[in-house]
Amino acid sequence: MQHRIIVLGAGYAGAIAAGRLARRLRREDVAITVVNAEPDFVERVRMHQLAAGQDLKPRPLNEMFAGTGVELRLAKVDGVDVDRKIVAATDDNGAGELAYDTLVYALGSGWNSRGVPGAAEHAYQIASRPGALRLRERLARLDAGQAVVVVGGGLTGLEAATELAEARPDLDVALAAHGGLGDWLSPKGRQHLRKVFGQLGITVHEQAAVAGVEADRVVTDDGRAIAAAVTVWATGFAVHPIAKATTLEVTGTGRIVVDATMRSVSHPDVYAIGDAAFAMGRGGKPLRMSCASGTPMAWQAADAIAARLTGGKLPNAPLRYFNQCISLGRKEGLIQYVTADDRAVPAVLTGRLAAAYKELVCKGAAWGVANPMLGLPARRRRVTRQPAPAARQPAPAVRGPESRSVRR
Ligand SMILES: Cc1cc2nc3c(=O)[nH]c(=O)nc-3n(C[C@H](O)[C@H](O)[C@H](O)COP(=O)(O)OP(=O)(O)OC[C@H]3O[C@@H](n4cnc5c(N)ncnc54)[C@H](O)[C@@H]3O)c2cc1C
């Protein structure tokens, strides 16, 4: 009998995990099914570019998985019963159920209104393709001089503000940051950020915690009002509520708690990767929601599942960070080098070289989805055992000679 592996979600994490599993396990031994709501792979890291009017290369999933043995099911996942090992999903033919032996949960995340009044009604988001397209359409109708406020001074907010200001120099673009501009970066990184924001004419509102969004302005918690014909919400991501509705052990925000092999700490048949998972990185710090974390998480999960099914060696490469790659429009960038646990070190790369590097990282991320073995030949191994149903198995130590690179 074939071992049934179901992968939920074909974003960076899910698509890589499915493709890698297919290249690690013999086709006659496993049935690998990917369930995804959309027919193509969405490069979420480029949603600010899409919103700014750029067109992205279509990447149909059926072409990506062609010849790999992975079956693609276009359906919306409605829920998971992790005790009965059943996924409930709806496709064009209606609602149905899929049974699994091993589940890889990779449904990603969406925007996070953080419950701020008016955000859901008035703000635009770029966490998803529909959101980015809606903003794109709205921006196209703005007249010169109208105000756009990006709320959120994190990586996505910085990228969105600079991309929009570069694409539409006629607009009055501002950024509202909770703290100081790029305050987690090195002094050189912060300096470069200020320079580029100045060159692009972006107004920066620091220590500006937005507490309300209205149709034509945002209001901060200390009473400042910032005019905004359009408000772009970029205050981090929230996971879908599906995992929280299961008996899986999740965090307060609904991310699935996993061990170092990306296996659920409560349900050994379930693995979680990407934004949906809560995994520890170096220094006991949780990995941040990013494609940079999701990619090595997917390698780790696929290799661990394959090892457990074939009696091979469990991966023990630690997940670590090297840099944060920030696009600042198409012509400028900032590569902030970091410690293994993601703290800024003095070194940075800036300017056109940094922009080119960041573009290479984005292209590399998409290439890695289609080439999940990183160009290494597939070595399909025979499934010899079913995974042991022991909950809370000790995870391999987070150490080892080789590290899994994490680049934003
Ligand atoms: C504008 C922007 C810029 C970013 N820039 C960077 C960057 O430079 N570097 C970086 O590392 N990260 C960046 N990120 C974050 C990064 O995009 C995410 O962390 C990453 O996409 C997470 O990967 P994932 O596979 O977990 O989820 P996703 O990429 O979100 O994939 C989830 C998949 O699940 C599918 N899905 C969701 N719900 C369902 C359902 N109910 N049924 C069926 N299918 C479903 C979706 O269609 C999607 O295919 C950026 C994000 C944004 C929005």
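Cut-offs and rules
Residues numbered from 1 in each chain as written. Predicted model: local features only at pLDDT ≥ 70, side-chain atom pairs only at ≥ 80, totals over all residues. Heavy atoms only, no water. Helix = DSSP H or I, 4+ residues; strand = E, 2+ residues; numbered from the N terminus. Expected span 1.5 Å × (residues − 1). Buried < 20%, exposed > 50% of the residue type's maximum accessible area, 1.4 Å probe, protein only. Arc of directions from axis to C-beta. Salt bridge = Lys/Arg side-chain N within 4 Å of Asp/Glu carboxyl O. Domains from an automatic or database assignment. Contact = heavy atoms within 4.5 Å. Buried area = accessible area lost by both parts, 1.4 Å probe.

**Digging into helix H5 (residues 129–140)**
- Compared with the 16 Å implied by 1.5 Å per residue over 12 residues, the 16 Å span of H5 between its first and last C-alpha is a close match.
- For H5, every residue scored as buried is listed here: Gly131, Ala132, Leu135, Arg138 and Leu139. The buried residues of H5 occupy an angular sector of 125° when projected down its axis, which confines them to one face. Away from its buried face, by an angle of more than 90 degrees, H5 presents the exposed residues Pro130 and Ala140.

**Digging into the pattern of salt bridges**
- If you walk through the whole model with that rule in mind, you get 27 salt bridges.
- Ionic pairing is found between Arg84 and Asp81, a salt bridge with its closest N-O pair at 3.5 Å.
- Residue Arg84 is classed as exposed on the basis of its relative accessible area, which comes to 53%.
- In this structure, Asp170 engages Arg168 in a salt bridge whose closest nitrogen and oxygen atoms are separated by 2.9 Å.
- Where salt bridges share partners, they join Glu43, Arg46, Arg59, Glu163, Arg330, Glu359 and Lys363 into one cluster.

**Quick look at the domain arrangement of the protein chain**
- By domain assignment, the protein chain separates into domain 1 (3–110 + 237–319 + 375–400) and domain 2 (113–233).
- When each unit is reduced to the centre of its C-alpha atoms, the spacing between domain 1 and domain 2 is 32 Å.
- In this complex, domain 1 contributes 16 residues to the contact, which on the side of domain 2 involves 16 residues.
- Of the roughly 1,300 Å² buried at the junction of domain 1 and domain 2 (both faces included), carbon and sulfur atoms supply 59%.
- When the area that domain 1 buries against domain 2 is broken down by residue, the three leading residues are His48, Leu50 and Ala51, summing to 40%.

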